[in-house]
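Take a look at the letters that make up each chain.
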Amino acid sequence: MYICRSIGIFTHYNNDAMKYFIRSVKYFIYFSILCTLIVYALVLTGMASGDINEIFEGGYDAIWKIAVFFALVAAVYPKFGFVSRNIETGKDWNEVKDTAIEYLRAARYIPEHEDGDSMTFRFSSMSGRLLKMFEDRITITRTDSGITMDGLRKDVFRMASGLEYRLNSNEE
C-alpha cells in the first residue's frame, strides 16, 4: 500500500521533475552530438588524425570522462536555462491576451494552446524549433497582479521586456 501511494505521489508530484529530466537528457544528447560533429569535422579537414588515442589524451578512456562532464552540465543547465518572469500590469486579461498574441506573432511565435488563465506559444519555423531542441514553448499565465511568462531564459527575457513595454506604454 505504501509503495503504491509513493508511486502515485511520485508520478503526480514529479510532472515538473520529469520535464526537467527530459530536458537534461535532450541537452546531454545535444552536447554529445555537437562534440562528435566537431571531432568529425576536425578529422575530415585533416586537423586531427582518425585515431581516438591521438585525438584525446587517454584515448577511449577519456570518452567516459567527457560523457560524465556532459551529463553534469546537462543536469544543471535546465535549472539556469529556463526561467519564469512576472510582468505586473493593471490591464484586463483579455487586453493582455490580445496584446500578447499580437506581440508574439510579430516575434514569429504562434499560439499553440489556450486555457482559461494561460496560453502557450511555439516558434513558427521548424528550423528555429529544431535549433532550440523543441524547447521553444513560451507559456503566459494570468496572476493576480499581471502575468507570468515561462520558457527559455533568453526568449522569456526578450519577450517579457517587449511585452511589458507594450502593455505599460499604452497607459500614458
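Counting restarts for each chain, with residues numbered from 1 along the sequence as it is written. A pLDDT threshold of at least 70 governs which residues receive local features in this predicted model, and a stricter bar of 80 or more applies before side-chain atom pairs are shown or counted, although totals over entire chains, interfaces and linings include all residues. Note: side-chain values were computed over all heavy atoms of the structure, leaving out hydrogens and water.

*Asks:* Which parts of the structure should I look at to understand the packing of aromatic side chains?
*Replies:* Two aromatic rings are characterised by how far apart their centres lie and by the angle between their planes. Put simply, two rings from Phe, Tyr or Trp (the six-membered ring, in Trp's case) pair if the centres are within 6.5 Å, and we call them stacked under 30 degrees between planes, edge-to-face over 60, tilted for the rest. Under the criterion given, the structure shown has six aromatic pairs. Members of the aromatic cluster, connected to one another through ring pairs, are Tyr27, Tyr30, Phe31, Phe69, Phe70 and Tyr77. Only when the NZ of Lys or the CZ of Arg is both within 6 Å of the ring centre and within 35 degrees of the ring normal is a charge said to sit over the ring. Here Arg23 stacks its cationic end above the ring of Phe82, 3.7 Å away from the centre of that ring. A cation sits over an aromatic face here: Lys132 above Phe123, 5.2 Å from the ring centre.

*Asks:* Hey, could you run me through the pairing of strand E3 (residues 118-123) in this one?
*Replies:* Within E3, six of the six residues are buried, which leaves it mostly tucked inside the rest of the structure. The classification of residues rests on relative accessible area computed with a 1.4 Å probe and restricted to protein chains. Under 20% of the type maximum is buried, over 50% is exposed, and intermediate values are partly exposed. Helical segments are the DSSP runs of H or I of at least four residues, strand segments are the runs of E of at least two, and each set is numbered from the N terminus. The alternating pattern of E3 places Ser118, Thr120 and Arg122 and Met119, Phe121 and Phe123 on opposite faces, both of which are buried. When DSSP finds two or more bridges between two strands, those strands count as paired. As paired strands, strand E2 (residues 109-115) and E3 are joined by six bridges and run antiparallel to one another. Residue pairing in the sheet places Ile110 in a bridge with Arg122 of E3. Linking E2 back to E3 in an antiparallel pair, the connection comprises two residues. As paired strands, E3 and strand E4 (residues 138-142) are joined by four bridges and run antiparallel to one another. The partner of Met119 across the bridge, within E4, is Ile140.

*Asks:* Quick question: what am I supposed to make of the pattern of salt bridges here?
*Replies:* In a structure, side chains of opposite charge can pair up when their charged atoms sit close to one another. One side-chain nitrogen of Lys or Arg within 4 Å of one carboxyl oxygen of Asp or Glu is enough to make a salt bridge. If you walk through the whole model with that rule in mind, you get 14 salt bridges. The salt bridge partner of Glu114 is Lys97, with a shortest N-O separation of 2.7 Å. In this pair, Glu114 sits in strand E2 while Lys97 sits in helix H5 (residues 93-106), placing the two residues 17 residues apart along the sequence. Its relative accessible area of 45% is what places Glu114 among the partly exposed residues. Through salt bridges with shared partners, a single ionic network connects Glu112, Arg122, Arg129, Asp136 and Arg137.

*Asks:* What is the right way to read the packing of helix H2 (residues 15-44) against helix H4 (residues 60-81) from this model?
*Replies:* Their axes nearest at 8 Å, the elements H2 and H4 cross at an angle of 135°. Here H2 lies oblique to H4, going by the angle between them. Every pair of crossing elements has a handedness; the one defined by H2 and H4 is right-handed. On H4, the residues touching Tyr20, Arg23, Ser24, Tyr27, Phe28, Phe31, Ser32 and Cys35 of H2 are Ala67, Phe70, Ala71, Val73, Ala74, Ala75, Val76, Tyr77, Pro78 and Lys79. Fitted lines through C-alpha atoms give the axes, limited to the stretch in contact for helices. The angle between two N-to-C directions lies from 0 to 180 degrees. In what follows, roughly perpendicular refers to angles from 65 to 115 degrees, roughly parallel to angles under 35, roughly antiparallel to angles over 145, and oblique to any angle outside these ranges. Two helices crossing with the near one rotated counterclockwise from the far one by less than a right angle form a left-handed crossing, whereas a clockwise rotation gives a right-handed crossing. Should any heavy atoms of two residues lie within 4.5 Å, those residues are considered in contact.

*Asks:* Can you help me understand a nonpolar patch on the surface in this one?
*Replies:* Without a salt bridge and with relative accessible area above 30%, a residue can belong to a patch; like charges are then joined within 9 Å and nonpolar side chains (Val, Leu, Ile, Met, Phe, Trp, Tyr) within 5 Å. With residues, only the protein chains shown are counted as cover, and all accessible areas are computed by Shrake-Rupley using a 1.4 Å probe. Nonpolar side chains collect at one region of the surface, where Met18, Phe21, Ile22, Val25, Ile29, Ile33 and Leu37 lie side by side and expose about 640 Å² of accessible area between them. By secondary structure assignment, the location of Val25 is in helix H2.

*Asks:* Help me understand the sheet that holds strand E5 (residues 146-152), please; the structure alone is not making it clear to me.
*Replies:* Backbone-to-backbone hydrogen bonds pair the strands of a sheet. The strands run either parallel or antiparallel. Strands sit in the order E1-E5-E4-E3-E2 across an open sheet of five strands; the sheet is antiparallel. A strand with exactly one partner marks an edge of an open sheet, and here the two such strands are strand E1 (82-88) and E2. Within this sheet the neighbouring strands show an average axis-to-axis angle of 20°, counted without direction. Two strands pair when backbone bridges link them, and E4 and E5 are joined in this way by four bridges, in the antiparallel orientation. Along E5, the bridge assignment pairs Ile140 with Met149. Against the sheet, H4 makes contact with E1 and E5, and its axis sits at roughly 10° relative to E1, the strand it touches most.

These results come straight from atomic positions and should not be treated as a statement about function.
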